[in-house]
Amino acid sequence: KIQKVLAAEVLDSRGTPTVGATVVLSDGSIGVANAPSGASTGKFEAHEKRDGDKRRYHGKGVQKAVQSVTETIAPVLENIRKVTVGEIDRIMIELDNTKNKEKLGANAMLAVSLAAAKALAMHYRQPLFRFLGGANAQKMPVPMMNILNGGAHAANNIDIQEFMIMPVGAKSFSEAVRMGSEIYHTLGGILKSRSLAVSVGDEGGFAPDLASDEAAIEVILEAIAAAGYTTDEVQIALDAASSEWASGDGYRLPKRGTQYSAAQLISYWEKLCEKYPIRSIEDPLGEEDFPAWTTLTERLGKKVMLVGDDLFVTNPVRIREGIERRAANALLVKPNQIGTLTETLTAIALARDNGMKTILSHRSGETEDTSIADIAVAVNAGYIKSGAPCRSDRTAKYNRLLRIAQENDLDGNYGG
Ligand code: PGA
Ligand code: ZN
């Protein structure tokens, strides 16, 4: 039985309010979870409920979403007989009864969904990843660590939003974390030696004033080599976040000020992948440009992970469209884009069954919540993106994975 469902307005890593939920079962099992929050959000994401009352938190308060939990969700859940994650999520979806969760808010629903899963895991005396994944949950994911930032969030000349490193050649998860951390610090040293800024962005990556996207890749390659690694061992992943570039019927790269057609942007990615050891590109094309995605996937899909974030928004309906159109070959999984754990797992299964790779992902606004780490192992996702190997909101996930690896003897069971 569910004894109590509580919610509170708590702070995320940007100091902005978000929904924190607590679920208590009658045997005393307890689950606590927070919803994360994006900045470069996709147009098709589930609704994040905010108060809009300028007198509190500059309009960003989430008291109404907290009320969704305490006034609408809690009274129903506190009376149900069958306490499973699937049933709890089904009830919340029914209570909301809108297309994009605009009534209750995806932030309210996800916090409850995750808190309930954690309470149930405790009830069954299992870690969350085991409760969700069963005996099959065996694989540690490759971390995709964001170490350098551009795009809308950095005052430099770099159009691509995130530059990540993937220690694919590591022998274990803990070695991957060590390699990532060493390269991160080596990169900081190189930037410092050139009198470039080493202050960090929302996801912990550096945001130096570099001249171009290629200059950013070059300095990362330098850091990989200087830290003693080859580009077979450590490869580069990009998040272009190019939905932000959509302009007219093409793309305008704001920093360099160039206008590209979709075809020109596709050949730009092809050239970049020829020149550099790029293993993955997220949102290389816009969220409404399925035909161009199909072309790019045809051209680059054998060699490079083409990852749909804003394109798919973790939504099974959009993923199905992508599968039919052969657009993208990997899914970025952000539970708050869809709003419940059950739908998140459905999205993952759908992608998997159709040969797509899956990457569990944080948001730029995060908290100490580590659910995505457990989900990544639960579904043997293969990949996780949780920002730089620094800042507690980012390292909480990597640290959780280090513990899962150690406690369950899974460290060497590593790979994409
Ligand atoms: P977000 O995007 O700001 O929407 O969370 C960042 C990302 O894709 O990592
Ligand atoms: Zn993205």
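Everything that follows concerns the structure shown earlier in this document.
These figures come from a predicted structure and were not determined experimentally.

A. Examining the sheet that holds strand E14 (residues 382–385) more closely. Spatially, eight strands are ordered E4-E5-E6-E10-E11-E12-E13-E14 in a closed barrel, and the strand pairing comes out mixed. Across this sheet, the average inter-strand angle for adjacent strands is 25 degrees, counted without regard to direction. Note that strand E11 (residues 305–308) and strand E12 (residues 330–333) share two bridges and pair parallel. Residue pairing for E12: Gly 308 is matched across the bridge by Leu 331.

B. Layout of the site of ligand 1. Near ligand 1 lie 15 residues; those nearest to it are Ala 39, Glu 162, Lys 334, Arg 363 and Ser 364. Here an oxygen atom of ligand 1 sits 3.2 Å away from a polar atom, N or O, in the side chain of Glu 203. Lys 334 is positioned with one of its side-chain polar atoms (N or O) 2.9 Å from an oxygen atom of ligand 1. Starting from 280 Å² of accessible surface for ligand 1 in isolation, the protein chains cover 99%. Across the shell around ligand 1, the residue classes break down as one nonpolar, six polar and eight charged.

C. The pattern of salt bridges, seen in detail. Tallying each qualifying case throughout the model produces 27 salt bridges. Across the pair Glu 343 and Lys 101 runs a salt bridge, and its minimum N-O distance is 3.0 Å. Of this pair, Glu 343 sits in helix H11 (residues 341–353) while Lys 101 sits in the loop between helix H2 (85–96) and helix H3 (106–123), and the two are 242 residues apart along the sequence. Owing to a relative accessible area of 6%, Lys 101 belongs among the buried residues under this scheme. Note that Glu 182 and Arg 178 form a salt bridge whose closest N and O atoms lie 3.1 Å from each other. Remark: Arg 178 and Glu 182 occur in helix H5 (residues 173–193); sequence separation between them is four residues, near one turn of the helix.

D. Examining the side chain of Lys 49 more closely. On the secondary structure map, Lys 49 appears in the loop between strand E3 (30–34) and helix H1 (63–77). With no salt bridge to any partner, buried Lys 49 finds its closest opposite charge in Asp 96, at an N-O distance of 7.3 Å. A distance of 2.9 Å separates a polar side-chain atom of Lys 49 from the backbone oxygen of Lys 103. Those residues within four positions of Lys 49 in sequence are excluded, and the remaining contacts are Val 62, Lys 64, Ala 65, Ser 68, Glu 102, Lys 103, Leu 104, Gly 105 and Asn 107.

E. The arrangement of the nonpolar core in detail. If you look at the biggest cluster of nonpolar residues, it comprises 134 residues, and the most contacted ones within it are Trp 269 and Leu 360. In terms of residues, this core owes the most to one element, H3, which gives 12 residues. In contact with Leu 360, other than residues within four places in its own chain, are Val 333, Ile 348, Ile 372, Ile 375, Ala 376, Val 379, Ala 381, Tyr 383, Ile 384 and Lys 385.

Procedures and definitions
Residues numbered from 1 in each chain as written. Chains lettered and ligands numbered in written order. Predicted model: local features only at pLDDT ≥ 70, side-chain atom pairs only at ≥ 80, totals over all residues. Heavy atoms only, no water. Pairing = 2+ DSSP bridges. Helix = DSSP H or I, 4+ residues; strand = E, 2+ residues; numbered from the N terminus. Axes fitted to C-alpha atoms, helices over the stretch in contact; angles between N-to-C directions. Near = heavy atom within 4 Å. Polar contact = N/O pair within 3.5 Å; in protein donor to acceptor, adjacent residues only side chain to side chain. Areas by Shrake-Rupley, 256 points an atom, 1.4 Å probe, with all protein chains shown as cover. Nonpolar A, V, L, I, M, F, W, Y, C, P; charged D, E, K, R; others polar. Salt bridge = Lys/Arg side-chain N within 4 Å of Asp/Glu carboxyl O. Buried < 20%, exposed > 50% of the residue type's maximum accessible area, 1.4 Å probe, protein only. Lys, Arg positive; Asp, Glu negative; His and termini not counted. Contact = heavy atoms within 4.5 Å. Core = buried A, V, L, I, M, F, W, Y, C linked by side-chain atoms within 4.5 Å.

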